[in-house]
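Geometric and topological summary
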Amino acid sequence: MAPAEAGEHTVAVGIDHVRLSYHYLDIGDIDGYGSLFTADAVLHYPGMAPIRGRGAIEQFRVTGPTRRYTLHTVTVTHGEVVAAGDIAVAGPNGGSTNTAFVDSFTLSDYGLIRTQKTDFGSRGNPRTAG
């Protein structure tokens, strides 16, 4: 396989992994979610120090509130996979709060997620999201 084709395949696999990551979070499959990340992956989440390593990322997702993701777009921009959508966070009385999010991902050579950066409140370019 030519290098360009290998790169295209990696991006296609990475897009599938990004989409699957939200599905796994929605159904509560943290092991499946973690399997999509490299061992040394880093999650950048607003208001927090970077979360480093697959195990720490899994633990972060286990301890957070119940969330439901609705994806609107998944694209490739500037070599990153960018996902935009809405997140519904369950409240203590059964209600939920909806917030727009933009996640940008970098991938390993095998299409695993190497980094994820989350921004809330914008569906625009993650580099300008607030």
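1. Observations concerning the sheet that holds strand β1 (residues 37-44)
The strand order across the open sheet built from 6 strands is β2-β1-β6-β5-β4-β3, with neighbouring strands paired in mixed fashion. The outermost strands of the open sheet, each flanked by one partner alone, are β2 (51-52) and β3 (67-77). The pairing of β1 with strand β6 (residues 113-120) spans 4 bridges and is parallel. When the bridges of β6 are listed, F37 appears paired with I113. Sitting on the sheet, helix α3 (residues 54-63) touches β1, β2, β3 and β6, and the angle it makes with β1 is about 50°.

2. Details of the nonpolar core
Core analysis: the biggest nonpolar cluster contains 24 residues, and V18, Y22, F37, I57, V81, F105 and I113 have the highest contact counts within it. Listed by contribution, the elements that provide at least two residues to this core are α1 (3-27), α2 (30-34), β1, α3, β3, β4 (80-90) and β5 (96-107). If you tally residues by element for this core, the top one is α1, at 5 residues. Once you skip the residues sitting within four places of it in the chain, Y22 turns out to touch Y69, L71, A83, F101, D103, F105 and Q116.

3. Overview of α3
If you check which residues of α3 are buried, you get I57, E58, F60 and R61. Along the long axis of α3, the arc covered by the buried residues comes to 160°, so they all point the same way.

4. What about empty space enclosed by the protein?
Within the structure shown, the criterion is met by 1 cavity of 30 Å³ or more. Volume-wise, the largest cavity comes out at about 40 Å³. In terms of lining, the largest cavity is formed by Y45, R61, Y69, I87, F101, D103, Q116, T118 and F120. When residues of the lining of the largest cavity are traced back to their parent elements, those giving at least two are β5 and β6. Each residue belonging to the lining of the largest cavity can be placed in one class, and the counts come to 5 nonpolar, 2 polar and 2 charged.

5. Thoughts on the pattern of salt bridges
Throughout the structure, instances matching the rule amount to 2 salt bridges. A salt bridge links R68 to D26; its shortest N-O distance comes to 3.1 Å. Residue R68 is located in strand β3, and its partner D26 is located in helix α1; the two are separated by 42 residues in the primary sequence. With relative accessibility at 22%, the residue D26 sits in the partly exposed group. Across the pair K117 and D119 runs a salt bridge whose closest N-O atoms are separated by 2.8 Å.

6. Digging into unusual backbone geometry
Residue H78 is not a glycine yet carries a positive backbone phi of 50°. Following the sequence through the fold, H78 ends up in the loop between β3 and β4. Judged by relative accessible area, H78 falls into the exposed class, the value being 62%.

7. Examining the side chain of T118
Mapped onto the secondary structure, T118 falls in strand β6. There is a polar contact of 2.6 Å between the side chain of T118 and the side chain of D103. Those residues in contact with T118, other than ones at most four positions away along the chain, are L43, H44, Y45, P46, V102 and D103.

Calculation notes
- Residues numbered from 1 in each chain as written.
- Predicted model: local features only at pLDDT ≥ 70, side-chain atom pairs only at ≥ 80, totals over all residues.
- Heavy atoms only, no water.
- Pairing = 2+ DSSP bridges.
- Helix = DSSP H or I, 4+ residues; strand = E, 2+ residues; numbered from the N terminus.
- Contact = heavy atoms within 4.5 Å.
- Axes fitted to C-alpha atoms, helices over the stretch in contact; angles between N-to-C directions.
- Core = buried A, V, L, I, M, F, W, Y, C linked by side-chain atoms within 4.5 Å.
- Buried < 20%, exposed > 50% of the residue type's maximum accessible area, 1.4 Å probe, protein only.
- Arc of directions from axis to C-beta.
- 1 Å grid on protein atoms, 1.4 Å probe; cavity = no way out; pocket = protein on both sides within 12 Å on 5 of 7 lines; lining within 4 Å.
- Points joined across faces, edges and corners; volume = space filled by probe spheres on them.
- Nonpolar A, V, L, I, M, F, W, Y, C, P; charged D, E, K, R; others polar.
- Salt bridge = Lys/Arg side-chain N within 4 Å of Asp/Glu carboxyl O.
- Polar contact = N/O pair within 3.5 Å; in protein donor to acceptor, adjacent residues only side chain to side chain.

In short, shape yes, function no, at least from these values alone.
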